[in-house]
Amino acid sequence: MEWVPGESDETRIDDIVRAGLAFQEAITVEPRPSFIEASSDPWSRADRMAWGEVASPNDSLLARIGSECRSIAAPEQVIHGDLLGNVMFADGRPPVVIDWAPYWRPPGLGAAIAVVDAVCWHGYPLRKLGRDFGIEHWRQLLLRALLFRTATLHLLGYWTEDQHQRHVPVADAIIALRD
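Residues numbered from 1 in each chain as written. Predicted model: local features only at pLDDT ≥ 70, side-chain atom pairs only at ≥ 80, totals over all residues. Heavy atoms only, no water.

### Concerning unusual backbone geometry
Here comes step 1: The phi dihedral of Phe 133 falls on the positive side, at around 55°, and the residue is not glycine.
Here comes step 2: Take Phe 133: it is sitting in the loop between helix H5 (109-122) and helix H6 (138-156).
Here comes step 3: Of note in this structure, His 137 is not a glycine but carries a positive phi near 65°.
Here comes step 4: In this fold, His 137 is placed in the loop between H5 and H6. (Helix = DSSP H or I, 4+ residues; strand = E, 2+ residues; numbered from the N terminus.)

Set out below in structure tokens:
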């Protein structure tokens, strides 16, 4: 490991997505890590819930989002599943991706999770959810990203009425998008 200067900036969504896509491209050839299958932490379980591999908690919002999910024909690869606070910026230097949270999912999911996180917690405008950054299956990836984050909050015991109210307009906006 090496120390690098910089700090995260959750308002730089375009730069975070670009850095995440470049990182994703750089790791395309990496094989599926064997530990992913065995991981049982709340984030790994929520990831499996988001992809319909295990049942989700009984929640009307999760059910509503899940009812919009369709299978997508996309290759899978190792991705970074937590980009938003893990891209460092420093003047005059390229962005640095840190704290890799690996998942084996379709390309673009990391960007979708970053955008959903930005909308839910950092004031990124709902109207920008439709900007797909050239990523195939964008709406479906956004749905999975919101399912993932919502299920994670449930599993960690952080799901509250405030969280529900924060996530409903995000779900509405994603559902309104076209595949």
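### Quick word on the pattern of salt bridges
Here comes step 1: According to the stated counting rule, one finds 13 salt bridges in the structure shown.
Here comes step 2: Residue Asp 15 is joined to Arg 12 by a salt bridge in which the shortest nitrogen-to-oxygen separation is 2.9 Å.
Here comes step 3: Since its relative accessible area comes to 24%, Asp 15 is described here as partly exposed.
Here comes step 4: The closest approach of N and O atoms between Arg 166 and Asp 162, which form a salt bridge, is 3.5 Å. (Salt bridge = Lys/Arg side-chain N within 4 Å of Asp/Glu carboxyl O. Buried < 20%, exposed > 50% of the residue type's maximum accessible area, 1.4 Å probe, protein only.)

### Concerning the packing of helix H1 (residues 13-26) against H5
Here comes step 1: Contact pair H1 / H5: the axes reach a minimum separation of 9 Å and the direction vectors enclose 160°. Comparing the axis directions of H1 and H5 gives the class roughly antiparallel. In this structure, the crossing between H1 and H5 has a hand that is right-handed. Contacts between H1 and H5 involve Ile 13, Ile 16 and Val 17 from the first element and Ala 111, Ala 114, Val 115 and Ala 118 from the second. (Axes fitted to C-alpha atoms, helices over the stretch in contact; angles between N-to-C directions. Parallel < 35°, antiparallel > 145°, perpendicular 65-115°, else oblique. Left-handed = near helix turned anticlockwise from the far one by under 90°. Contact = heavy atoms within 4.5 Å.)

### Digging into the side chain of Arg 149
Here comes step 1: Here Arg 149 lies in helix H6.
Here comes step 2: Leaving out residues up to four positions away in the same chain, Arg 149 has contacts with Trp 43, Gly 81, Asp 82, Ile 113, Asp 117 and Trp 121.

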